[in-house]
Amino acid sequence: MHERPAGAMAPINSSVAHPARVYNAWLGGKDNYPADQEAAELAAAANPEIIPAVRANRAFLGRAVRELAGKPGIRQFLDIGTGVPTADNTHEVAQRVDPSARVVYVDNDPIVLAHAQALLVSNPEGATEYLQADLRDVDRILTAAQDTLDLSQPVGLMLVAILQYIPDADDPYAITRRLLDALAPGSHLVLSHPASDIGADEVAESMRVYNERAAEHAAATPRSHSDVTRFFDGTYVLDPGVVQLPQWRPYPEDAATPDALPMWCGVGRKP
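Rules behind the numbers
- Residues numbered from 1 in each chain as written.
- Predicted model: local features only at pLDDT ≥ 70, side-chain atom pairs only at ≥ 80, totals over all residues.
- Heavy atoms only, no water.
- Axes fitted to C-alpha atoms, helices over the stretch in contact; angles between N-to-C directions.
- Helix = DSSP H or I, 4+ residues; strand = E, 2+ residues; numbered from the N terminus.
- Left-handed = near helix turned anticlockwise from the far one by under 90°.
- Contact = heavy atoms within 4.5 Å.
- Nonpolar A, V, L, I, M, F, W, Y, C, P; charged D, E, K, R; others polar.
- Phe/Tyr/Trp six-rings, centres within 6.5 Å; stacked < 30°, edge-to-face > 60°.
- Buried < 20%, exposed > 50% of the residue type's maximum accessible area, 1.4 Å probe, protein only.
- Lys NZ or Arg CZ within 6 Å of the ring centre and 35° of its normal.
- Parallel < 35°, antiparallel > 145°, perpendicular 65-115°, else oblique.

- For the protein, an unreviewed UniProt entry supplies the name SAM-dependent methyltransferase and the organism Streptomyces scabichelini.

As structure tokens, this is what we get:
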């Protein structure tokens, strides 16, 4: 598995909240620290829809991977912002459809590396690799991904609940475009993002209390439907478009969710 250039794990700063560990706390996991638990609890208290949204987001990831591994025949995925491994990770979902599927995971939290080495293990026919890197380091991500993925063939680019951690000053749209530009025609962008225009007051307050406790590089920015739709510029957005999480191709057996969850999601195909 790919690690830091020096081969050593970066020190874990447990005194500030980190997105992967806060997300883990919202999912009821144990791989987090008191600072993460505090941020998770306070943000959820300000906006009780966070926890059902996080669960719906995980379900969206699974549905999107199954869809792409099905009729479009996507057999390789670049999953950036992996988070702490849990049930139904991208490679597990994809390899149920085709055991030869290949996945590269990327996250910037060293605690994810520790778990990825043990848990993100491919079946023998396929492959999984993990890279500790920041989403902003596009060149490094693409270079390392080519050890496992064939970028001349279509790729599923997974940017699920990660772009909110890229402030406008760092131009998340340019980062997304650079990643897509490096991928073959027929590649797909799978994206979800916290909404600023669903339950706006509650979202703003939950983000405020989270950001007060987060590492400086991990502050979150919710965005509107039109802002999230911009990430799909240059792609053909699959039906039903950019919608709330439960509305993206739900399964009949999916658990009921609140009518309004504060996240947008969608899938776009690169022509």
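Regarding the packing of helix α3 (residues 50–69) against helix α4 (residues 90–97)
Now for step 1: Remark: α3 packs on α4, axes separated minimally by 9 Å, with the N-to-C direction vectors making an angle of 35°. At the point where α3 passes α4, the crossing takes the right-handed sense. Taken together, the residues of α4 that come into contact with α3 (itself represented by Leu-61, Gly-62, Val-65, Arg-66 and Ala-69) are Thr-90, Val-93, Ala-94 and Val-97.
Now for step 2: The class makeup of the residues in the contact of α3 with α4 is 6 nonpolar, 2 polar and 1 charged.

Regarding the packing of aromatic side chains
Now for step 1: Counted by the stated rule, this structure contains 2 aromatic pairs.
Now for step 2: A centroid spacing of 5.6 Å and a plane angle of 85° characterise the contact between Phe-60 and Trp-248, whose relative ring orientation is edge-to-face. Within this pair, whereas Phe-60 is found in helix α3, its partner Trp-248 is found in the loop between β7 (243–244) and β8 (263–269), the two being separated by 188 residues in sequence. The pair Phe-60 / Trp-248 is uniform in exposure class, with both members buried.
Now for step 3: Note that Arg-230 overlies the ring of Tyr-173, its terminal NZ or CZ placed 3.7 Å from the centroid.

Remarks on the packing of helix α6 (residues 138–145) against helix α7 (residues 172–181)
Now for step 1: As a packed pair, α6 and α7 sit with axes 10 Å apart at the nearest point and diverge in direction by 25°. Regarding the angle of α6 to α7, the classification is roughly parallel. Our pair here, α6 against α7, has a crossing hand that is right-handed. For the pair α6 and α7, contact is made by Val-138, Asp-139 and Leu-142 and by Ile-175, Arg-178 and Leu-179, respectively.
Now for step 2: Per-class residue counts for the contact of α6 with α7 are 4 nonpolar, no polar and 2 charged.

Let's talk about the environment of Ala-116
Now for step 1: Counting through the fold element by element, Ala-116 comes out in helix α5 (residues 110–119).
Now for step 2: According to the relative accessible area criterion, Ala-116 is buried, its value standing at 0%.
Now for step 3: Through-space distance from the C-alpha of Ala-116 to that of Thr-82 is 9.2 Å; in sequence the pair is 34 residues apart.

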